Amino acid sequence: MTQKKYRYALIGCGFFAQNHLHAWSQNPDVELVATCDVDFEKAKLAAANFGGKAYASAEELFANEDLDFVDIATTPPTHKYMVELAAKHGVAAICQKPLAWDMADAKSMVKAMSDQGLPFMVHENFRFQTPMRKIKEIIDSGAIGRPFFGRISFRTAHDVYSAQSWLVESERMIIVDVAVHLFDLARYFIGEPNTIFTSAHRVNPIIKGEDSATILMHMPDASCIVDASYETRSDHSTYPQTFVIIEGTKGAITLSADYHLQVVSGTSVTNEVVVIPNHGWTSQPWNGIQDSVVNVNKHWIECLKTGRTPETSGEDTLKLLDITLGAYESAESGQVFNVGSLLK
């Protein structure tokens, strides 16, 4: 008996949405029935390349199509409207990050989906990168014992402003753009923090926000340093790679440049280069990020099939948003932020 395919629509057909389209196209469990973008030419091009009917109006899309879920890949200011529109029409949703710029909007989205009993996931893809899944497997195996320290870094001098000009004008920049992912990795590897303390700076004078930030996350029995920079120069570009160190009571894990992974476990030391799967449409240096989209999609479909709650559910993302907004509060006040304060 053939498994029924999940009918989905993609809303938002911009730059990163192309990775969504490619990733979904290789998933045998889904069928693209519609694309939607306020720039109708983008929607038409996506439909021509990947299938489905093109729409310029999300309202018209929901009114005319029978959908199992919608993939929302629009900009953050539109997320609340799109998610609540999906909830109104009884359609499950996966939404790009950041879910919202403030807690009130995020809570409203989560409540709208929850009230309808609909699955809701946020596309928080760093934890779904192949090297990060491997690190998590090693931690869970007990090979390094109980983690008590971590450092998660994303440091580069890559020109991020040409493709994302909004970063120049944004008063909140690298924390909400990159550190949010690193916070999620810290939670994934070590656990939920009780407090955080932020030191953030603007190095490049052309921008308005912070382009360098260091955050100390204090867990009940561990600590983790998260650091991000768009002004770190080196002789070898590793953009867009994330470096990880996790120290435990029995050993340590180090993910360094070009996906070199070292595991110290007792007296044993192993070294390998994590191979990023090639999907035909992926390309360096983006392949690690592109592969994560494939993994996110697989996880979402598995959750739809089994009724499991997604790892990065809307509810879970409220915790991540609390940390992210709290990092700014700490930077502005010079004080420690008590995690959970914004969830009350």
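Residues numbered from 1 in each chain as written. Predicted model: local features only at pLDDT ≥ 70, side-chain atom pairs only at ≥ 80, totals over all residues. Heavy atoms only, no water.

Caption draft 1: Representation of the pattern of salt bridges. Scanning the model with the defined rule gives 20 salt bridges in all. Note that aspartate 227 is salt-bridged to arginine 155, the shortest N-O span being 2.8 Å. A residue pair is termed long-range when its members are at least 10 positions apart, and aspartate 227 in strand E10 (residues 222-229) and arginine 155 in strand E7 (residues 147-155) qualify at 72 residues. The exposure class of arginine 155 is partly exposed, given its relative accessible area of 31%. When salt bridges with common partners are traced through the structure, they connect Arg127, Arg133, Asp184, Arg187, Glu192, Glu311 and Asp316 into a single cluster. (Salt bridge = Lys/Arg side-chain N within 4 Å of Asp/Glu carboxyl O. Helix = DSSP H or I, 4+ residues; strand = E, 2+ residues; numbered from the N terminus. Buried < 20%, exposed > 50% of the residue type's maximum accessible area, 1.4 Å probe, protein only.)

Caption draft 2: Quick look at unusual backbone geometry. Between lysine 97 and the following residue, proline 98, the backbone shows a cis peptide bond with an omega angle of -15°. As for its position among the elements, proline 98 is in the loop between strand E5 (92-96) and helix H5 (103-115). Residue proline 285 follows glutamine 284 across a cis peptide bond; omega there is 5°. In this fold, proline 285 is placed in the loop between strand E14 (268-273) and helix H9 (287-306). One non-glycine residue with positive phi stands out, namely aspartate 258, at about 60°.

Caption draft 3: Inspection of the layout of surface pockets at higher detail. In this structure, the second largest pocket occupies an estimated 240 Å³ of space. Along its surface, the second largest pocket is lined by 16 residues, and Leu118, Pro119, Phe120, Thr309 and Pro310 are the ones closest to its centre. Taken together, the residues of the lining of the second largest pocket sort by class into 9 nonpolar, 5 polar and 2 charged. (1 Å grid on protein atoms, 1.4 Å probe; cavity = no way out; pocket = protein on both sides within 12 Å on 5 of 7 lines; lining within 4 Å. Points joined across faces, edges and corners; volume = space filled by probe spheres on them. Nonpolar A, V, L, I, M, F, W, Y, C, P; charged D, E, K, R; others polar.)

Caption draft 4: Seen up close, empty space enclosed by the protein. Per the stated rule, a full pass over the model turns up 1 cavity of 30 Å³ or more. Of the voids in this model, the largest cavity is the one considered here, and its volume is about 100 Å³. For the largest cavity, the full set of lining residues is Lys97, Pro98, Leu99, Ala100, Val122, Glu124, Val176, Val180, Thr317, Leu320, Leu321 and Thr324. Secondary-structure elements contributing two or more residues to the lining of the largest cavity are helix H8 (174-189) and helix H10 (314-333).

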